[in-house]
Amino acid sequence: QVQLVESGGGLVQAGGSLRLSCAASGRTFSKSGMGWFRQAPGKEREFVASINWSGGSTYYGDSVKGRFTISRDDAKNTVYLQMNSLKPEDTAVYYCAADSRPFSPLRLGLADVGSWGQGTQVTVSS
């Protein structure tokens, strides 16, 4: 399994930006789609963005389209989430996730996650 460690969370004012990073260990990173999910207090974990194993396809949740960008650097075994124009409703714990399906070109769903990171808190103040 891939082990994942997130970083980059913090407190930011509305309209600001943050970049989350997720460092992965293990040889399977380059074969794995990667994604970000988030969970706010009292709410279910929701899909934010994913990128397929080759980096050729990206997917976004409706609430973040046009504001967030997911990318990956296979040389560094790292996936990033650039978050711009942040809103208070973006406040949540953000989790990095690895696809359990090798070489999948598809969007990463909750049921497809093979490994989770520990999460990083993002708080957007109004």
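Further up the page is the structure itself.
Our subject in this report is the structure included herewith. (Residues numbered from 1 in each chain as written. Predicted model: local features only at pLDDT ≥ 70, side-chain atom pairs only at ≥ 80, totals over all residues. Heavy atoms only, no water.)

The subject of this paragraph is the nonpolar core. Judged by nonpolar contacts, the single largest core of 28 residues is most densely connected at M34, W36, L81, M83 and Y94. Put simply, the parts of the chain that give this core at least two residues each are β3 (18–25), β4 (34–39), β5 (46–51), β7 (68–73), β8 (78–83), β9 (92–99) and β11 (120–125). If we ignore the near neighbours within four places in the chain, the residues touching L81 are L18, R19, L20, W36, V48, A49, F68, T69, I70 and Y94. One finds F47, A97, L108 and V113 within the second-largest nonpolar core, a separate group that totals five residues. (Core = buried A, V, L, I, M, F, W, Y, C linked by side-chain atoms within 4.5 Å. Buried < 20%, exposed > 50% of the residue type's maximum accessible area, 1.4 Å probe, protein only. Helix = DSSP H or I, 4+ residues; strand = E, 2+ residues; numbered from the N terminus. Contact = heavy atoms within 4.5 Å.)

Now for the pairing of β5. By the criterion of burial, β5 is predominantly enclosed, with five of the six residues buried. Pairing of β4 with β5, which is carried by five bridges, proceeds in the antiparallel orientation. Bridge assignment links G35 to a residue of β5, and that residue is S50. The hairpin turn running from β4 into β5, its antiparallel successor, is six residues long, and G42 in that turn takes a positive phi close to 80 degrees. Here three bridges tie β5 to strand β6 (residues 58–60), and the two strands are oriented antiparallel to one another. The residue bridging A49 from the neighbouring strand is Y60, located in β6. (Pairing = 2+ DSSP bridges.)

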